[in-house]
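# Per-entry structural report
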There are 2 protein chains.
Amino acid sequence: MTTLCIANNRTEEMVGDLTGATPLEQLFAGCGAQRMLWWAEDGDVLVLPWGPDPEYLAYVAGLTGVRADSLTFVVPPPGAHGDQALTTDRLVDPGFLAELRRVLDGRTVDEVLAVSPNGAVAGLAAALGLAHAMPGLPFAAQGGNALVNSKAGFRALAAGVGVPIPPGTVAGSPAEVEAAVEQLLGQGHSVMLKVEYQVGGLGNEILARDEKVEAVGAERVVPLPDRAAVAAYVAERWTWLTGGRGQRVVVERYFPDCAPLYAQFLVDDAAVVLAGCGEMVMRPVVVGEITPPVTPDASVLAELVEQGARLCESLRVIGYRGTVSADAVLTPGGEIYFHETNGRLTGSSHLHDIFAARLLREEHRGSRHLLELAGLKVPSFAEAVAALGAAGLAFDPRTGTGVLFSNDFGPADGSVMYCVVAESPEAVRALESALLALFAG
Amino acid sequence: MTTLCIANNRTEEMVGDLTGATPLEQLFAGCGAQRMLWWAEDGDVLVLPWGPDPEYLAYVAGLTGVRADSLTFVVPPPGAHGDQALTTDRLVDPGFLAELRRVLDGRTVDEVLAVSPNGAVAGLAAALGLAHAMPGLPFAAQGGNALVNSKAGFRALAAGVGVPIPPGTVAGSPAEVEAAVEQLLGQGHSVMLKVEYQVGGLGNEILARDEKVEAVGAERVVPLPDRAAVAAYVAERWTWLTGGRGQRVVVERYFPDCAPLYAQFLVDDAAVVLAGCGEMVMRPVVVGEITPPVTPDASVLAELVEQGARLCESLRVIGYRGTVSADAVLTPGGEIYFHETNGRLTGSSHLHDIFAARLLREEHRGSRHLLELAGLKVPSFAEAVAALGAAGLAFDPRTGTGVLFSNDFGPADGSVMYCVVAESPEAVRALESALLALFAG
């Protein structure tokens, strides 16, 4: 049995108009796409934006136990947006399709696994005669993935099933945005504005009448002392707020000092199955996560999972199939508010699907804490792996502890994303300190 | 118990950007809104774009048995788009709100019934403390009504629950639209292009390589002999196709010589309940309907209802409450394809909710055929009613047959919409002939 893995890490359903990405952002996305290697099993076929770095491939395969030479990589020619994203134009390239057909000839594909199960993936699966291997194909083929990832659509779906969301609304005109913002500011609250499609808090801005608010989940706080300032802000930011193409804008109350949480699920034909929960690390937008979450107690965690599952059940009914992360904040007062669903393999999926489920042995599951962060500068991926081993810090399956390098961002900024696995939050922090010391200076 | 009726007959969820409507279109919409009078019961409060014409009010009340003087009408001041539509700005007018509060003071409102249960209605209900009377409020308040009426969103939801839709896709860029159109034309099919939000076929165009196709459900057929012509058409029509604000475009196979059908349901907290089915009369866009439908046999009708109910159940799960019309075509080959849902009181709702359910006596229900058409030119509404009575053609509750004037379009074009009720399709046509003869010349 073969899985066809499609590493389409940056799609319009995720970030809106792709033309807005800088070359560096594109490079980060391309590196992030390589994380698909963690999902590969012997004999799988992977469609990647570019061929894998041999050191990273060897490292991942060494940990997952996959024979690297059993994998087949197919890379389509660059498209209109370059060679870092698997855009629609790349996935319909005739030469690429011919090569993929040749590679798949004689294999039995039982799963099409994409980062973003969107219309382009549905079209590819249909063209390859693999509809049976993509249960969500009909929904995806008609643009359904945009619904699951829309921060505007989310609010209607969540409100419709009674899942708590921050007070606020979805606004379609500058006047509506202005009124909704002013209403919240006038009540003494700060405001989170969200672009309909974006990831990692990059499409968010916080507005405050009192500028002492700390930004979490957005890149900045914009002080707006009065309604005239709100109107001027909305006018100035209108193109950005609407994704440059008339999208709706989410206006909601911003809750400061919250713990940002998620519950991740796999939605299949029959059911919604919990993959795991986590707590995001924000500086000020997401740079990592820790799982299981540290802030919520058991009852809060149970509510997170229960409400998240209700959201996913709604998405299951309308036809989505695949991974869903339901994101929420936990206020200092103990209230949970959900603020988006992400229908894709997220920045946390490998922690649950691979690290916890495949790298950890049965006896260690449920008793390990994982902290993952991006941005550790290293001389090179290979040297970093060697140094980790020499220092005795590398992940060891026998103990179920140690450091994993989840992702190689070397080509973008010379960094790796690391995941520290240990038996307690304290042990995680101690191991992380040792890791940081190893690569300091 | 009081029902608060809100006659918001033309909203963005129905027709997209309201600034596109001509004064005459606006006047038609304003006249159409008066049809809300049919729903009124003793003591109800109606929010209308303008106060009812006394003759029309007396006529409707005479048939429904409602005391006209027990009704209260509240009309907000004109808004940015004039006085024919109940736009958001009109529904938040402080003077209007104050009057409505005064009118409602001391009454128990158990239902908020809107033509389009959209965010503006949800905001009004919330402001009046009537959330309990609008079960779909949470969903509507977050823009959910846009989902239910989006012809693009429809395709994902329908495909997701396995309800048959015409082959095609939802496209976001000129290149995607061009490719999708060319694919269908190249297969020898005609193409229906749909603007995401519009009513009555006014946002549709048919494209054909062979221009002998007859337009049904769209205003015209555009001959496009080759791909270059397709590209030029898409470029020229792009602003119109995207509603002037970056909306997605529906591209689907057009099936000629079809019977256009609908099944209408009421979606409430507990269930989806069939209101009735009908067959639309197209010249070339919808001008009326006949209920029950004449073309489909019992098994086709059963499938129409079953599949329509599945669509509505999906909308019920995500939180929509209210009337839904699921529209489909029946091909000459006997296949049913659904092509949109409309979450509102439609042009057919009064036939089922009022004419069949309230005007027809118990013993006549299920054995009457109703044909409704717009555009009968009359000297005036009052004279038309008088002439109908004098000719013995007026609807008589004792026989459950005769002619009803559903709507007065006098201010727009001097016409009325008529509904002929008789015991068989043949009797309907005979009665219609008598009616047309009465007002000929």
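Residues numbered from 1 in each chain as written. Chains lettered and ligands numbered in written order. Predicted model: local features only at pLDDT ≥ 70, side-chain atom pairs only at ≥ 80, totals over all residues. Heavy atoms only, no water.

## Thoughts on the overall build of chain A
This is how it is decided: Helical segments are the DSSP runs of H or I of at least four residues, strand segments are the runs of E of at least two, and each set is numbered from the N terminus. Both definitions apply: the radius of gyration is a C-alpha atom measure, and the globule rule equals 2.2 Å times residues to the power 0.38. Accessibility here uses a 1.4 Å probe with only protein chains present; expressed as a share of the type maximum, an area under 20% marks a residue as buried, one over 50% as exposed, and anything in between as partly exposed. The contact criterion used throughout is that any non-hydrogen atoms of two residues lie within 4.5 Å. We treat Lys and Arg as the positive residues and Asp and Glu as the negative residues; His and chain ends play no part in the count. Charge placement uses NZ in Lys and CZ in Arg. For Asp and Glu, CG and CD serve respectively.
What chain A contains, in helices and strands, is 16 helices and 17 strands. For chain A, the C-alpha radius of gyration of 22 Å lies close to 22 Å, the compact-globule estimate for 441 residues. Taking the principal axes of the C-alpha coordinates as reference, chain A spans close to 60 × 50 × 40 Å. Looking at chain A as a whole, 58% of its 441 residues are labelled buried. For chain A, long-range pairs separated by at least 24 residues make up 66% of all intrachain contacts whose partners lie at least 6 apart in sequence. In chain A, which carries 30 positive and 52 negative side-chain charges, the distance between the mean positions of the two groups comes to 2 Å.

## As for the environment of Cys31 of chain A
Residues and elements named next belong to chain A. Of note, Cys31 is situated in helix H2 (residues 23-33). Considering only alpha carbons, one finds Cys31 and Pro174, 143 residues apart in sequence, at a separation of 37 Å. When neighbours within four sequence positions are excluded, Cys31 is seen to be in contact with Trp50, Gln84, Asn407, Asp408, Phe409, Pro411 and Ala412.

## Considerations on the interface of chain A and chain B
For the record, the criterion: Salt-bridge detection follows one rule: a side-chain nitrogen of Lys or Arg within 4 Å of a carboxyl oxygen of Asp or Glu. Under the rule applied, a polar contact is a pair of N or O atoms within 3.5 Å (in protein, one hydrogen donor and one hydrogen acceptor; residues adjacent in sequence only if both atoms are side-chain atoms).
With 26 residues of chain A at the contact, the number on the chain B side is 26 residues. Between the two partners, chain A and chain B, sit 0 salt bridges. Scanning the region where chain A abuts chain B turns up 6 residue pairs in polar contact (both at pLDDT 80 or more). Secondary structure elements with two or more residues in the side of chain A that touches chain B: helix H7 (137-141), helix H8 (144-149), helix H9 (151-160), strand S5 (168-171) and helix H12 (298-318) of chain A. With 6 residues, H9 of chain A is the largest single contributor of residues to the side of chain A that touches chain B.

## With respect to the pairing of strand S16 (residues 402-409) of chain A
Residues and elements named next belong to chain A. What counts, and what does not: Strands were regarded as paired on the criterion that DSSP finds at least two bridges between them.
Within S16, 8 of the 8 residues are buried, which leaves it mostly tucked inside the rest of the structure. Direction of pairing for S16 relative to strand S17 (residues 415-422): antiparallel, over a ladder of 7 bridges. When the sheet's bridge partners are listed, Gly402 is paired in S17 with Val421.

## A word on the side chain of Thr3 of chain A
Along the chain, Thr3 of chain A falls in strand S1 (residues 2-6). Apart from residues lying up to four places away in sequence, Thr3 of chain A is in contact with Asp44, Val45, Asp110, Glu111 and Leu113 of chain A.

## Examining the packing of helix H3 (residues 54-64) of chain B against helix H14 (residues 381-390) of chain B
Residues and elements named next belong to chain B. Our working rule: For helices, the axis comes from a line fit to the C-alpha atoms of the stretch in contact; other axes are also lines fit to C-alpha atoms, and the angle between any two N-to-C directions lies between 0 and 180 degrees. Each residue receives one of three labels: charged for Asp, Glu, Lys and Arg, nonpolar for Ala, Val, Leu, Ile, Met, Phe, Trp, Tyr, Cys and Pro, and polar for the others, Gly being one of them.
One way to put it is that H3 packs onto H14 with a least axis distance of 9 Å and a crossing angle of 35°. The segment H3 lies against H14, with Glu55, Tyr56 and Tyr59 engaging Phe381, Ala382 and Val385. Taken together, the residues of the contact of H3 with H14 sort by class into 5 nonpolar, no polar and 1 charged.

## Notes on H9 of chain A
Residue and element names in this part refer to chain A. With 10 of 10 residues buried, H9 is to be regarded as a mostly interior element. Turning to H9, its buried residues number three or more, namely Lys151, Ala152, Gly153, Phe154, Arg155, Ala156, Leu157, Ala158, Ala159 and Gly160. The backbone nitrogen of Ala152 lies 3.1 Å from a side-chain oxygen of the residue at the head of H9, namely Ser150. Positive phi appears at Gly162, one or two residues downstream of H9, with a value of about 80°.

## Overview of the sheet that holds S1 of chain A
All names here are of chain A. Reading across from one edge, S3-S2-S1-S4 is the order of the 4 strands in this open sheet, with parallel pairing throughout. The sheet terminates laterally at strand S3 (72-74) and strand S4 (109-114), the two strands that pair on one side only. Each adjacent strand pair in this sheet contributes to an overall mean axis angle of 20°, direction not counted.

## Brief notes about the environment of Gly402 of chain A
Residue and element names in this part refer to chain A. Looking at the element boundaries, Gly402 is found in strand S16. Of the residues examined, Gly402 reaches a relative accessible area of 5% and is grouped as buried. C-alpha of Gly402 to C-alpha of Thr295: the two residues are 107 residues apart in sequence and 23 Å apart in space. Those residues in contact with Gly402, other than ones at most four positions away along the chain, are Leu393, Ala394, Phe395, Cys419, Val420, Val421 and Leu431.

## Side note on the pattern of salt bridges
All names here are of chain A. Summed over all chains, the structure comprises 30 salt bridges over all chains. Where Glu178 meets Arg227, a salt bridge forms, and the shortest distance between an N and an O atom there is 2.8 Å. In this pair, Glu178 sits in helix H10 (residues 174-186) while Arg227 sits in helix H11 (residues 227-241), placing the two residues 49 residues apart along the sequence. On the basis of relative accessibility, which here comes to 18%, the residue Glu178 falls in the buried class.

## Structural notes on the state of the cysteines
What we call a disulfide is simply a covalent bond connecting the sulfur atoms of a pair of cysteines. All names here are of chain B. What counts, and what does not: Cysteine sulfur atoms are paired as a disulfide whenever they fall within 2.5 Å.
All told, the structure shown has 0 disulfides over all chains when counted by the stated rule. The thiol of Cys31 is not disulfide-bonded; the next cysteine sulfur, from Cys5, is found 18 Å away. Here Cys312 is not cross-linked by a disulfide; its sulfur's nearest cysteine counterpart is in Cys277, at 11 Å. We classify Cys312 as buried; its relative accessible area is 0%.

## Observations concerning the sheet that holds strand S3 (residues 72-74) of chain B
Residue and element names in this part refer to chain B. Pairing in this open sheet of 4 strands is parallel, and the strands run S3-S2-S1-S4 from one edge to the other. The sheet terminates laterally at S3 and strand S4 (109-114), the two strands that pair on one side only. For this sheet, the mean inter-axis angle between neighbouring strands, taken without regard to orientation, is 20°.

## Observations regarding the relation of the copies chain A and chain B
One copy of the chain maps onto the other through a rotation about an axis plus a displacement along that axis. Basically, it comes down to this: Overlaid copies result from least-squares superposition on C-alpha atoms, with residues included only where pLDDT is at least 70 in both.
Expressed as a screw operation, the relation of chain A to chain B combines 0.0 Å of axial shift with a rotation of 180°, fitting to an RMSD of 0.0 Å. Taken together, the rotation and translation describe the operation of a two-fold axis. Relative to the rotation axis, the C-alpha of Gly246 of chain A is the closest in chain A, positioned 2.7 Å from it. Interface overlap between copies: 100% of the residues of chain A at the interface are likewise at the interface in chain B, consistent with a symmetric, same-surface contact.

## Some words on the packing of aromatic side chains
Aromatic ring pairs are reported here in terms of the distance separating the ring centres and the angle at which the planes meet. Residue and element names in this part refer to chain A. To keep it simple, the criterion reads: By convention, a stacked pair of Phe, Tyr or Trp rings (six-membered ring in the case of Trp) has centres within 6.5 Å and planes under 30 degrees apart, an edge-to-face pair has planes over 60 apart, and any other such pair is tilted. We call a charge positioned over a ring when the NZ of a Lys or the CZ of an Arg lies within 6 Å of the ring centre and within 35 degrees of the ring normal.
Summed over all chains, the structure comprises 20 aromatic pairs over all chains. Taken together, a centroid distance of 4.8 Å and an interplanar angle of 80° make the contact between Trp38 and Phe355 edge-to-face. With Trp38 in the loop between H2 and strand S2 (45-47) and Phe355 in helix H13 (residues 349-359), this pair connects stretches of sequence that are 317 residues apart. With 6.5 Å between their ring centres and 80° between their planes, Phe139 and Tyr320 make a pair best called edge-to-face. Of this pair, Phe139 sits in helix H7 while Tyr320 is found in the loop between H12 and strand S13 (322-330), placing the two residues 181 residues apart along the sequence. Judged by relative accessible area, Tyr320 falls into the buried class, the value being 2%. Above the ring of Trp240, the side-chain terminus of Arg237 is found at 4.2 Å from the ring centroid.

## Here we look at unusual backbone geometry
Residue Arg283 of chain A is joined to Pro284 of chain A through a cis peptide bond whose omega torsion reads -15°. Within the element layout of this structure, Pro284 of chain A appears in the loop between strand S11 (272-282) and strand S12 (286-291). Cis geometry marks the peptide bond from Thr291 of chain B to Pro292 of chain B, where omega comes out at -5°. Within the secondary structure, Pro292 of chain B sits in the loop between strand S12 (286-291) and helix H12 (298-318). A positive phi angle, near 60°, is found at Asp257 of chain A, a position not held by glycine. Positionally, Asp257 of chain A belongs in the loop between strand S9 (249-254) and strand S10 (259-267).

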